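Okay, here's what each chain looks like letter by letter:
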Amino acid sequence: MNIGIITFINVAFEVYTWLIFIRIILSWVRLNPYQPLVKFIYETTEPFLGLFRRIIPPIGVVDISPIAAFFALELVRRLLTNILLSLGIF
């Protein structure tokens, strides 16, 4: 059961990472922003990416904030799983 908690955390972070990656790809393509799947991806990832956009300005037309978001997401995932493992929740 406790392994299930770590697995759930890892899967949740992996899914969110993929959503951010898909969001990056979608920014290169013209799609209907009101299409439900596109709207879901934008609404799900914007709060997290918005944090980094306020700190990291774009370089020309290139938004590099998702790179920092990927690193931060991985750091939080590792910290969270390491804390749970050190507490004996494995």
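Refer to the structure above for everything that follows.
Source: prediction; values computed, not measured. In every chain, residue numbers begin from 1 and rise along the written sequence. A pLDDT threshold of at least 70 governs which residues receive local features in this predicted model, and a stricter bar of 80 or more applies before side-chain atom pairs are shown or counted, although totals over entire chains, interfaces and linings include all residues. Side-chain metrics in this entry use all non-hydrogen atoms of the structure; hydrogen atoms and water are not considered.

Asker: Lay out the pattern of salt bridges with the relevant residues and their values.
Answerer: Note on pairing: side chains with opposite charge can pair once their charged atoms come close. For this analysis, a salt bridge means a side-chain nitrogen from Lys or Arg found within 4 Å of a carboxyl oxygen belonging to Asp or Glu. All chains considered together, the criterion is met by five salt bridges. For Arg 23, the salt bridge is made with Glu 46, and the minimal N-O distance between the two is 2.7 Å. With Arg 23 in helix H1 (residues 2–26) and Glu 46 in helix H2 (residues 36–55), this residue pair connects regions lying 23 residues apart in the sequence. Think of it in three bands: with a 1.4 Å probe and only protein chains considered, a residue is buried below 20% of the maximum accessible area for its type, exposed above 50%, and partly exposed in between. What makes Arg 23 buried here is its relative accessible area of 9%. Among the ionic pairs, Glu 74 bridges to Arg 77, the shortest N-O distance being 2.5 Å. Here the residue Glu 74 and the residue Arg 77 both occupy positions in helix H3 (residues 65–86), the gap between them amounting to three residues, near one helical turn. Connected through salt bridges with shared partners, the residues Arg 23, Glu 46, Arg 53 and Asp 63 form a single ionic network. Strands here mean DSSP runs of E at least two residues long; helices mean DSSP runs of H or I at least four residues long; both are numbered from the N terminus.

Asker: Go over H3, please, and point to the residues and values.
Answerer: Along its 22 residues, H3 runs 31 Å from first to last C-alpha, staying within 8% of the 32 Å computed at 1.5 Å per residue. All of the buried residues in H3 are Ser 65, Pro 66, Ala 69, Ala 72, Leu 73, Arg 77, Thr 81 and Leu 84. For H3, the angular spread of the buried residues around the axis is 160°, confining them to a single face. Facing away from the buried side of H3 by more than 90 degrees, the exposed set consists of Phe 71, Leu 75 and Ser 86. One or two residues past the end of H3 sits Gly 88, with phi positive at roughly 90°. The span expected for a helix works out to 1.5 Å for each residue beyond the first. Each direction from the helix axis to a C-beta atom contributes to the arc, which is the arc of those directions.

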